[in-house]
Amino acid sequence: MLTPLKREDFDRYIDFIYALAMDPARSGYPTYTDGIKTRADFVERSLRAFERENEDILLYERDGRAAGWIHYYYLAEDKYLDTCSFCIAEGMDDAIGEFTAFAREHFSGYELYLGFPGENTQAIAALEAGGFTCIERDFNDVFDLERWEPRWPDPDVVPVTRENFHLFRALHAQDEGMYWNSDRLLADMDEWRLLLYEPHGVPAGALQARKDSKMGEIFALFFASGYDAKAYRALVTAALNGAKADGSESMTFFNDSESQPDALAMGFRCVGEYVCYKTSL
C-alpha cells in the first residue's frame, strides 16, 4: 500500500530508507553508492519533498509495516514524471505495480521514467513484465577530480556560443528525444559546458556537460559519423579541465559499451550498470 509520508514521520524512517539506498539490489537511481553523494545529501534531497509543490514521498507498506518509500517529482509543463529515490526492502514488483497505477491515476498523459542499477534484477523484471520500454543501458562512471591534473587542451576543441550553436545543434539533433534538447540548452546555456570538436574546421563531435560547484556531469557526447575515440578523449579532457577549474570534486558520465574502454583508460571508475525504462501513462 502507498500512502503519502508525513513530515512528522520522516525521522522515524530515514535510517531504514537510507540503508536501502545503499543497496543497489533494493534501490533505484540516482544512486548513493557512487562514493560522491553522502547520507547528508540523501537527507537534504529527501526533505525537499515537503517544501516543493511538484514532489512527494509515498511510504510503501506490506502487511501493516513499512517496506520502503518512493520519492517522485513531476514537471507539469513537460508531462514528465521521475523519481528521486525508489527504495524497497521487499515486494519490488508489487511496489512498481502500485506506483504505476498511482501514476496512471494522477498523471495521465505523462511520460514516466524509472532508472535502476543493473543489480536490481527484481525491478528490471517487473518493468519488463509491466510493458515498460528500456531506453538506456549504460555504465555509471565517476572521475574523482582530486586526481586530475589538467592537460593541454586539444586546439580542435572549441566552446559552443550562441554564434556557433547551430553547429552543435546539428550533431545534438541526433538525439532530440532527450529532455535536454537543443532548444532547452540554448535557453539555459549558462548552466552548461557545451563543446565542439572541429578537426580541419569540420564538426566531428560535441559534448554536453552540466556545470556544478561540487558534482559535475557529462550528459552526452555526439559524433558526426559513428564513435570516434579521438574526439571522445579530446572532448572529455576539455570537460574535465573545465570542471577542475570550476572547483568541482567529481565528474559523472554514463558511458555505453563502445566508449567504456576509453573512459576506464582515462581514469574513470565504474560504479555499476544503469538501466532506464520509460512508459506513457
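Scope of this entry: the structure provided in the associated data block. If you're wondering where the values come from, they're calculated on a predicted model, not measured in any experiment.

Focus: the packing of aromatic side chains
And step 1. Taken as a whole and assessed by the stated rule, the structure comprises 28 aromatic pairs.
And step 2. Their ring planes at 45° and their centres at 5.5 Å tell us that Phe-165 and Phe-168 sit as a pair that is tilted. With Phe-165 and Phe-168 both in helix α5 (residues 165-172) and 3 residues apart, the pair spans about one turn of that helix.
And step 3. Geometry around Tyr-32 places Lys-37 over its ring, the cationic atom sitting 5.5 Å from the centre.

Overview of the packing of helix α1 (residues 10-21) against helix α2 (residues 39-47)
And step 1. Running from N to C, α1 and α2 cross one another at 125°; their axes reach a closest spacing of 11 Å. Relative to α2, α1 is oriented oblique. Judged by the sense of rotation from one axis to the other, the crossing of α1 with α2 is right-handed. Between α1 and α2, the residues in contact are Phe-10, Ile-14, Asp-15, Ile-17, Tyr-18 and Ala-21 and Arg-39, Phe-42, Val-43, Ser-46 and Leu-47, respectively.

Some thoughts on unusual backbone geometry
Among all residues except glycine, the phi angle is most often negative; among peptide bonds, the trans geometry is most common.
And step 1. Note that the residue after Tyr-29, namely Pro-30, is joined by a cis bond; omega there is 0°.
And step 2. Within the secondary structure, Pro-30 sits in the loop between α1 and α2.
And step 3. The phi torsion at Asp-63 lies on the positive side, around 55°, for a residue other than glycine.
And step 4. Here Asp-63 shows up in the loop between β2 (55-62) and β3 (65-75).
And step 5. For Asp-63, a relative accessible area of 76% gives the class exposed.
And step 6. Positive phi, close to 55°, is recorded for Lys-79, a residue that is not glycine.
And step 7. Tracing the backbone shows Lys-79 in the loop between β3 and β4 (80-88).

Each value, and the rule that gives it
- Residues numbered from 1 in each chain as written.
- Predicted model: local features only at pLDDT ≥ 70, side-chain atom pairs only at ≥ 80, totals over all residues.
- Heavy atoms only, no water.
- Phe/Tyr/Trp six-rings, centres within 6.5 Å; stacked < 30°, edge-to-face > 60°.
- Helix = DSSP H or I, 4+ residues; strand = E, 2+ residues; numbered from the N terminus.
- Lys NZ or Arg CZ within 6 Å of the ring centre and 35° of its normal.
- Axes fitted to C-alpha atoms, helices over the stretch in contact; angles between N-to-C directions.
- Parallel < 35°, antiparallel > 145°, perpendicular 65-115°, else oblique.
- Left-handed = near helix turned anticlockwise from the far one by under 90°.
- Contact = heavy atoms within 4.5 Å.
- Buried < 20%, exposed > 50% of the residue type's maximum accessible area, 1.4 Å probe, protein only.

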